[in-house]
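Tertiary structure, described
The primary structure of each chain is shown beneath.
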Amino acid sequence: MLQVVIVLLLVVTAVVEQVLQVRHDSTMEARNRSLAVAQSFANAPGTAAALRLPDPTAVLQPRAEAARKATGVDFIVVMNTEGIRYTHPKPDRIGKKFVGNIGPAVAGGTVTEEVQGTIGELVQAVVPVEDTDGKVVGLVSAGITTAHVGGAADQQLPLLLASAAAALALATAGTALVSRRLRRQTHGLEPHEMTRMYEHHDAVLHSVREGVLIVGGDGRLMLANDEAQRLLDLPPDAERRRVGDLGLDSDTAELIASGRMATDEVHLVKDRLLAVNQRPIEVRGGPPGSVITLRDSTELRALSGRAEVARERLNMLYDAGVGIGTSLDVTRTAEELTELAVPRFADYAAIDLYDAVVKGEEPKPGDALRRVAFSGVDKGAPLYRVGERIRFVPSSPQGRCLVTGESVVEPRLRESAGWRAQDVERTGRILEFGIHSLITVPLRAGNLVLGVANFCRSEKLAPFDTEELALAEELVARAAVSIDNARRYTREHSMAVALQRSLLPRSLPEQGALEIAYRYLPAQSGVGGDWFDVVPLSGARVALVVGDVVGHGLHAAATMGRLRTAVHNFAALDLTPDELLSLLDELVGRIDQDETPAENTAPVTGATCIYAIYDPVSRRCAVARAGHPPPALLGPDGAVHFPDVPAGPPLGVGGLPFETADLELPEGSSLVLYTDGLVEDRQRDIDEGLDLLAGALESAAGGTPEQMCAAVLERLPARPSDDVALIVARTRALGADQVAEWQVPDDPAAVSDVRAKVTRQLAEWGLDELSFTTELILSELVTNAIRHGRAPIGVRLLRDRSLICEVSDASTTSPHLRYAASTDEGGRGLFLVAQMSERWGTRYTPAGKVIWAEQPVP
């Protein structure tokens, strides 16, 4: 009875403890499960987005019900932050207030509580739904009734009661020793349970898709399921044999026999890749030995390899999209394609284009091609080099590609007779070098075939296949568009450069007032409107002009030509710099207003200009500028300064007058005119640029104008971002021995005295042979001034490259050349002057006018 009482007390205690534990475990299980389900649903993709929809119930109710059935909870409720339900297992409860505490969840926390809900006593959890900014946009609650979780107690009580009955029987019968022995042998299981467990374990062991081996401590195979026998190709009598006698490869047999721990070690067994895991079993209280699991990863590795190849190809296409076509240069674009392809896709890559394409023209089928780009893993490959002209035979892959416009793949070059016919000697050396496979793809842009792209393989033993051909075509298609864009740009750029250079002066006119050197550098991208000119004027004077039309391209170059022509015409009128700039300002304003820009071209929005007139007799220089950088002046002493020339508005703005600055330039001074591209760019402002210009001029002081130009341009990048026009003019002066001046009385009798003085002066200069014509010219001009002009009247002779005769008076009336009738007594004087002189004209001054005529000096 004592044993029975003790056993009963133990049994009752165990049952009570078990029931309490089960209830506690049920409650904890309900809490954990409801919280896990609520958090999973709240963080599921699309939950936060669905809460922003006009009708969240339509989207969330099906999902919530599916999740509820899958997880075994009794409800999943989605609600807004005010507790109004969007979902519920009972649709009539949707839209009503949620029963429970939602305050902590609205604040971003979680709530787990036991409540008496609409479906009974339950444990529920409430968690927030947060958007990407961490804001709570809704709540999710999941709950499960304790009755549904507590079913585990019913499964454990039979075993507990059976144990209690067995204990009572043993205590009553006094068979404690036998009961203890049997329970130790059977692990407390009944015979039918042992039978069922063995059947289940055996079924599971031989049904799983992983091989399972049990090896004893003596190195013998104790158990091998069906999958293990298949994977290792074991003999039927493998069990109880030593691992080394099973015919396995040495690495695998050594691993199994060692008993060491292993995790996903890959071993090649026959033609399979097996992932092997091994764990010793004695560490868990079992007998000595180890358990090994085997998993066939051959197909997985193959799939992974194909996925990796696909990913790499996508990366290549992405890199091609961002890395090809970064410049509008045909050759550089082709180089970018070859650099991308080697070594990621091919061991060698080459681009062959028609010569016309490189020059910006449309390709001409039948012409030879030129190799413009090449990349390879070995620079010593016996392939055509960059710059070589190639004419492919029709039977070669490239020849067929050019004719048909279709790609060609030669997986085995040794078997390609057409390819070998291109150059038997060279192709033989290529095969000896190890190149064995080729893909040729046409570079197509619309209906034009620009050339071919060649991809060769040598180090990679596998030949090119159809999938790689598709990748090559995609890469080449992207590059072809960029190459064609570069070709079109090259054509337009060449046309613009040709137009611009045709509009710029090809040589400087002969004159003796200035020693001039100049430079012009086109911009790195596009052709601009920078220009310069040197215009000889009357009286041995010279005009210098530098301008810059805003914008780039053909329109800017054409506008520059129009302005240069206008300057020539206005300069022929002997206008002052400010008057000439005013006329140019009106012209640019009319161009802006009257012209409609063509498609894809920018309108003219103004121009800048600086105009200077240098007189070698007075050594004075009149300068005016319209929005242009100031001139630089290098004195004979080597000092550089920037004269204060008033900065007028750019041409085309209008509304403000221009001012002329009058400078005195010592003989040997250097006047430097330039455009803003010389002193401005994106890396420095104009002040820094002017300092650099001054430093360059000072370093070249004492040198020739050519040396000064070279010194200035050395400070610039090889290809500036804007056009650069530069003029360096060193001044000369006409000495007193080259100038003769007289004042003439307002009396016709004074003409003879003028002729006498001119004759004596020409004799001193050694120009006696010009005496007759000079006397005749001055007689007519002085007579006209006396008759039709106003005093004072002056005469001036200049001996320079030509003999210049000038007659000045205070009248502003200009004489006109006309043909006199046979009955007229006069009117032939200017006609004789025009016939005797090389050129003649009228120049207006603040005091009146000057009529001049030039004769060549013998």
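Given the structure is predicted, the values throughout are model-derived calculations rather than measurements.

**With respect to the overall build of the protein chain**
Secondary structure assignment for the protein chain yields 24 helices and 31 strands. Burial statistics for the protein chain: of 858 residues in total, 46% are counted as buried. Contacts in the protein chain between residues far apart in sequence, at least 24 positions, make up 59% of those at least 6 positions apart.

**Some details on the pattern of salt bridges**
The final tally for this structure, using the stated rule, is 34 salt bridges. One salt bridge connects glutamate 339 with arginine 332, and the closest N-O pair in it is separated by 3.2 Å. A salt bridge links arginine 487 to aspartate 484; its shortest N-O distance comes to 2.9 Å. Residue arginine 487 and its partner aspartate 484 are both found in helix 17 (residues 466-503); the two are separated by three residues, about one turn of the helix. Residue arginine 487 shares its accessibility class with aspartate 484, and that shared class is buried. When salt bridges with common partners are traced through the structure, they connect Arg332, Glu335, Glu336 and Glu339 into a single cluster.

**Describing a negative patch on the surface**
The grouping of Glu680, Asp685, Asp687, Glu688 and Asp691 at the surface amounts to a negative patch. Structurally, the position occupied by aspartate 687 is in helix 20 (residues 686-699).

**Brief notes about the sheet that holds strand 10 (residues 348-354)**
The strand order across the open sheet built from six strands is 12-11-10-15-14-13, with neighbouring strands paired in antiparallel fashion. Whereas interior strands pair on both sides, the edge strands pair on one side only; in this sheet they are strand 12 (389-390) and strand 13 (408-410). Relative to strand 11 (residues 369-376), helix 12 (residues 330-341) is tilted by about 35°, and along the sheet it contacts strand 10, strand 11 and strand 15 (448-457).

**Examining a nonpolar patch on the surface**
On the surface, Val12, Val16 and Leu20 cluster together into a nonpolar patch covering about 270 Å² of accessible area. You can see valine 16 is positioned in helix 1 (residues 2-42).

**Things to note about the sheet that holds strand 28 (residues 793-799)**
Taking strand neighbours across the sheet as the criterion, the five strands line up as 27-28-29-31-30 in an open arrangement whose pairing is antiparallel. Unpaired on one side and paired on the other, strand 27 (739-744) and strand 30 (839-845) mark the two borders of the sheet. Taken over all neighbouring pairs, the strand axes of this sheet differ in orientation by 15° on average, direction set aside. One ladder, built from six bridges, connects strand 27 with strand 28; its direction is antiparallel. Of the residues in strand 28, the one forming a bridge with valine 744 is isoleucine 793. In this fold helix 22 (residues 750-765) packs onto strand 27, strand 28 and strand 29 (802-809), with an angle of close to 170° to the strand it touches most, strand 27. Lying on the sheet, helix 23 (residues 771-788) is in contact with strand 27, strand 28, strand 29 and strand 31 (848-856); it crosses strand 29 at an angle near 15°.

**So, the confidence of the model for the protein chain**
Averaged over every residue, the pLDDT of the protein chain is 83; residues scoring 70 or more account for 89%. Predicted confidence for residues 820-826 stays below pLDDT 50, and this span has seven contacts to residues more than four positions away or in other chains.

**Quick notes on unusual backbone geometry**
Proline 343 follows valine 342 through a cis peptide bond whose omega is 0°. Mapped onto the fold, proline 343 is located in the loop between helix 12 and strand 10. Residue alanine 791 is joined to proline 792 through a cis peptide bond whose omega torsion reads 0°. Summarising the element assignment, proline 792 is placed in the loop between helix 23 and strand 28. Backbone geometry at alanine 540 places phi at a positive 65°, although glycine is not the residue there. By secondary structure assignment, the location of alanine 540 is in the loop between strand 17 (528-536) and strand 18 (542-552).

**Quick word on the nonpolar core**
Core analysis: the largest hydrophobic core is formed by 53 residues, its most contacted members being Trp531, Leu544, Leu580, Leu581, Leu584 and Tyr611. Those residues in contact with tyrosine 611, other than ones at most four positions away along the chain, are Leu537, Ala543, Leu544, Val545, Val567, Ala571, Pro577, Leu580, Leu581, Ala622, Val623 and Ala624. The next biggest cluster of nonpolar side chains, apart from the first, holds 45 residues, and it includes Ile324, Ala341, Val441 and Leu443.

**Details of helix 22**
With 16 residues, helix 22 extends 23 Å from end C-alpha to end C-alpha; this agrees with the ideal 22 Å at 1.5 Å per step. By the burial criterion, the buried members of helix 22 are Ala750, Val751, Val754, Val758, Gln761, Leu762 and Trp765. Here the buried residues of helix 22 occupy an arc of 110° about the axis, which is enough to place them on one side. Along its buried surface, helix 22 packs onto strand 27, helix 23, strand 28 and strand 29. Phi turns positive one or two residues past the end of helix 22, at glycine 766, with a value near 75°.

**Focus: the side chain of glutamine 738**
Relative to the assigned elements, glutamine 738 resides in the loop between strand 26 (724-731) and strand 27. A relative accessible area of 18% means that glutamine 738 is categorised as buried. In this structure, glutamine 738 is in contact with Ala733, Trp765, Leu797, Leu798 and Arg799, ignoring residues within four places of it in sequence.

Rules and cut-offs
Residues numbered from 1 in each chain as written. Predicted model: local features only at pLDDT ≥ 70, side-chain atom pairs only at ≥ 80, totals over all residues. Heavy atoms only, no water. Helix = DSSP H or I, 4+ residues; strand = E, 2+ residues; numbered from the N terminus. Buried < 20%, exposed > 50% of the residue type's maximum accessible area, 1.4 Å probe, protein only. Contact = heavy atoms within 4.5 Å. Salt bridge = Lys/Arg side-chain N within 4 Å of Asp/Glu carboxyl O. Patch = residues over 30% accessible without salt bridge, like charges linked within 9 Å, V, L, I, M, F, W, Y side chains within 5 Å. Areas by Shrake-Rupley, 256 points an atom, 1.4 Å probe, with all protein chains shown as cover. Lys, Arg positive; Asp, Glu negative; His and termini not counted. Charge placed at Lys NZ, Arg CZ, Asp CG, Glu CD. Pairing = 2+ DSSP bridges. Axes fitted to C-alpha atoms, helices over the stretch in contact; angles between N-to-C directions. pLDDT = per-residue confidence, 0-100. Core = buried A, V, L, I, M, F, W, Y, C linked by side-chain atoms within 4.5 Å. Expected span 1.5 Å × (residues − 1). Arc of directions from axis to C-beta.

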